[in-house]
Amino acid sequence: AVLAQIEAAIEPYLANGTYDEYRRVLELCEHLDAEMTQRLARRAAAHSDPDIREAGEDYLNKNA
């Protein structure tokens, strides 16, 4: 339940998020929950912004 609340709280930051916001949220999630981090990394890796894609790909490759 707490993780769902955290995901809901970070959503507004990611809706129009920048590279730095994605990176910081990924860093936070990495300390909280591996599944949530993977979901966010996959989302970032599919993003239209190449910098955000890079952030997601870095996390996916890091944990491969």
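Look a little higher up for the structure.
Residues numbered from 1 in each chain as written. Predicted model: local features only at pLDDT ≥ 70, side-chain atom pairs only at ≥ 80, totals over all residues. Heavy atoms only, no water.

Undergrad: Would you mind showing me how to read the pattern of salt bridges here?
TA: Pairing is possible between side chains that carry opposite charge, provided their charged atoms lie close to one another. One pass over the full model with this rule turns up five salt bridges. Measuring nitrogen to oxygen at the nearest pair gives 2.7 Å for the salt bridge that ties Arg43 to Glu11. Placement of the pair is Arg43 in helix α3 (residues 34–45) and Glu11 in helix α1 (residues 2–15), with a sequence separation of 32 residues. Judged by its relative accessible area of 34%, Arg43 is partly exposed. The salt bridge partner of Glu27 is Arg24, with a shortest N-O separation of 2.9 Å. Taken together, the residues span about one helical turn, with Glu27 and Arg24 both in helix α2 (residues 19–32) at a distance of three residues. With relative accessibility at 32%, the residue Glu27 sits in the partly exposed group. (Salt bridge = Lys/Arg side-chain N within 4 Å of Asp/Glu carboxyl O. Helix = DSSP H or I, 4+ residues; strand = E, 2+ residues; numbered from the N terminus. Buried < 20%, exposed > 50% of the residue type's maximum accessible area, 1.4 Å probe, protein only.)

This is a description of form; function is not addressed.
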